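# Observations on the model geometry
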Amino acid sequence: MGLGILNFEAFGVSQRIVQALNVMFEHHRIPQALIIEGDCEKTERLAQTLAAAMVCCSDTDVPCGVCGGCVKAKAGSHPDIYTAQGGMAPRSFKVDMIRAVRSDAYIRSQEGGFKIYLLLRAQSMSAEAQNALLKVLEEPPAETVFILTCDTARSLLQTICSRAQIITLESDPVQSSEAKRIAGEIAQALLSVQEIEVLQVTAPLIKDKEMLEAVLEQLMLIFRDACVQRAGGAYFMSSHKEQVEQLCRKISQVKLFQLLEIIRQAQDAMVFHANMGILVTTLCTKLRAAVGR
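The following paragraphs examine the structure supplied in this document. (Residues numbered from 1 in each chain as written. Predicted model: local features only at pLDDT ≥ 70, side-chain atom pairs only at ≥ 80, totals over all residues. Heavy atoms only, no water.)

## Concerning the overall build of the chain
The cut-off we apply is this: By definition, any uninterrupted DSSP run of H or I lasting at least four residues is a helix, any uninterrupted run of E lasting at least two residues is a strand, and each is numbered from the N terminus. Just to be clear, the radius of gyration here is over C-alpha atoms, and the globule rule we use is 2.2 Å times residues to the power 0.38. Exposure is judged per residue with a 1.4 Å probe applied to protein chains only, and the accessible area is read against the type maximum: over 50% gives exposed, under 20% gives buried, and values in between give partly exposed.
Looking only at helices and strands, one finds 12 helices and 7 strands in the chain. Relative to a compact globule of 293 residues, whose C-alpha radius of gyration would be 19 Å, the chain shows 20 Å and is just as compact. For the chain, the residues scored as buried account for 52% of the 293 residues in total.

Okay, here's the thing in structure tokens:
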């Protein structure tokens, strides 16, 4: 079965995400592990739609909704789509559920295509369950795709995140637009020799934790894009193509990876309620040091 163009017209996914996913489908480069973070209902709906698209028999728009694969996916009866999920409580996604997934993953698909494992509400996985999942993600069977949904990827082990493509669904359109603007200005300011430019852009974030969190997510997308472009990739997850291209021209791949790690550290610090003033100041200092400023 072929992989066509994703049919998300009525789904409400942003054009940025659709474009990135279409590149994966068109070039048959679907990662063997995807993490979709954001609103619970939206992430689960996208995960189920992607699973249906992967078992769809159409060669054009997928999922078509009418072929045998789509009908069975919608009914929850497709033999190559396995769903497991945790509850709302922490550690309610038990290790036994992951062990069952791991055992089943090495059995060949029944219909000769992908085998897809939907692991919903993955933020509720116990540490033991995450470590059990890591074992199969380290050497995943061919034609097997694991799709995890969670409120934030920071709730998962970094070793799991490093083996997956992370898709961040946008929430509040107003906040998202402002976060994109600020993140773009920060990326641009990093290329300046004047430290004051970065400090001026980030100063308002000291008193707005939610905006800082949104800006960090946008910076993560920008720096990921720059790493991908440096490695010869062709798609963008962020909306800052100009800044990404400037970063690629002026900053080495090693330093771009350092920028990613700095953002991850800042996100982790927010989870532990770090002092906002110190966090933002330290963030600016580390970012500028990483780019050699």
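## Here's the deal with the packing of aromatic side chains
Short version of the rule: Each pair of aromatic rings taken from Phe, Tyr and Trp, with Trp reduced to its six-membered ring, is defined by centres within 6.5 Å and is described as stacked if the planes are under 30 degrees apart, edge-to-face if over 60, and tilted in the remaining cases.
Going through the model one piece at a time under the given rule, you end up with 2 aromatic pairs. Taken together, a centroid distance of 5.5 Å and an interplanar angle of 45 degrees make the contact between tyrosine 82 and tyrosine 117 tilted. In this pair, tyrosine 82 is assigned in strand β4 (residues 81–85) and tyrosine 117 in strand β5 (residues 115–120), connecting sequence segments 35 residues apart. On the basis of an interplanar angle of 20 degrees and a centroid distance of 5.3 Å, the ring pair of tyrosine 117 and phenylalanine 146 is categorised as stacked. Of this pair, tyrosine 117 sits in strand β5 while phenylalanine 146 sits in strand β6 (residues 144–150); the two residues are 29 residues apart in sequence, bridging distant segments of the chain. Pair check on accessibility: tyrosine 117 and phenylalanine 146 agree, each one buried. Connected via pairs of aromatic rings, a cluster forms that spans Tyr82, Tyr117 and Phe146.

## Overview of helix α8 (residues 195–202)
Since there are 3.6 residues in each turn of an α-helix, residues three or four apart along the chain are aligned in direction. We count it as follows: The directions from the helix axis to the C-beta atoms are what the arc is built from.
Looking at α8, one finds that the buried residues are Val198, Val201 and Thr202. All buried residues of α8 project into a common sector of 90 degrees when viewed along the axis, lining one side.

## Digging into the packing of helix α9 (residues 209–230) against helix α12 (residues 276–290)
Note the following rule: Inter-axis angles, ranging from 0 to 180 degrees, are taken between N-to-C directions of lines fitted to C-alpha atoms, where helices are fitted over the stretch in contact. Working definition: roughly parallel below 35 degrees, roughly antiparallel above 145 degrees, roughly perpendicular at 65 to 115 degrees, and oblique for all remaining angles. Left-handed describes a crossing whose near helix is turned anticlockwise from the far helix through less than a right angle; right-handed describes the clockwise counterpart. Residues count as neighbours in contact if any of their non-hydrogen atoms are within 4.5 Å of one another. Each residue gets one label: Ala, Val, Leu, Ile, Met, Phe, Trp, Tyr, Cys and Pro are nonpolar, Asp, Glu, Lys and Arg are charged, and the others, such as Gly, are polar.
At a minimum axis distance of 12 Å, the contact between α9 and α12 shows a crossing angle of 20 degrees. In terms of their interaxial angle, α9 and α12 are classed as roughly parallel. The way α9 lies across α12 gives a crossing that is left-handed. Residues Lys209, Leu212, Leu216 and Phe223 of α9 touch α12, and the partners they reach there are Met276, Leu279, Val280, Leu283 and Leu287. Here the residues of the contact of α9 with α12 are counted per class, giving 8 nonpolar, no polar and 1 charged.

## Topic: the side chain of glutamine 246
Residue position: glutamine 246 is located in helix α10 (residues 241–250). A residue is classified by how much of its surface remains accessible, and glutamine 246, at 11% relative accessible area, is buried.

## Thoughts on the pattern of salt bridges
Note on pairing: side chains with opposite charge can pair once their charged atoms come close. This is how the line gets drawn: The salt bridge definition used is simple: a Lys or Arg side-chain nitrogen within 4 Å of an Asp or Glu carboxyl oxygen.
Enumeration according to the criterion identifies 10 salt bridges in this entry. For the salt bridge of arginine 181 with glutamate 178, the shortest nitrogen-to-oxygen distance reads 2.5 Å. Of this pair, arginine 181 and glutamate 178 are both found in helix α7 (residues 173–190), 3 residues apart, which corresponds to roughly one turn of the helix. Among the salt bridges present, the one from arginine 264 reaches glutamate 261, with a minimum N-O distance of 3.7 Å. Taken together, the residues arginine 264 and glutamate 261, both in helix α11 (residues 253–271) and 3 residues apart, mark about one turn of the helix. By relative accessible area, glutamate 261 is classed as partly exposed at 37%. Here the residues in one salt-bridge network are Asp96, Arg99 and Glu128, joined through shared partners.

## Concerning the environment of alanine 47
Tracing the backbone through its elements, the reader meets alanine 47 in helix α2 (residues 40–55). Its relative accessible area of 0% is what places alanine 47 among the buried residues. Residues alanine 47 and arginine 230, 183 residues apart in the sequence, show an inter-C-alpha distance of 29 Å. With near-sequence residues (within four places) excluded, alanine 47 lies in contact with Ile36, Leu118, Leu120, Ile147 and Thr149.

## A word on the sheet that holds strand β7 (residues 165–168)
Formally: Only strands that DSSP links by at least two bridges are regarded as paired with each other.
Reading across from one edge, β4-β5-β6-β2-β7 is the order of the 5 strands in this open sheet, with parallel pairing throughout. Two strands bound the open sheet, and with one partner strand each, they are β4 and β7. Taken pair by pair, the neighbouring strands of this sheet meet at an average axis angle of 15 degrees, ignoring direction. The pairing of strand β2 (residues 33–37) with β6 spans 5 bridges and is classified as parallel. By the bridge assignment for β6, alanine 33 is matched with phenylalanine 146.

## Points about the state of the cysteines
Condition: Count a disulfide wherever a pair of cysteine sulfur atoms falls within 2.5 Å.
This structure, assessed with the given rule, holds 0 disulfides. Cysteine 67 provides the cysteine sulfur closest to cysteine 64, a residue in no disulfide bond, and the two sulfurs are 3.6 Å apart. Judged by relative accessible area, which is 29%, cysteine 64 ranks as partly exposed. As a non-bridged cysteine, cysteine 70 has cysteine 67 as the owner of its nearest cysteine sulfur, 3.6 Å distant.

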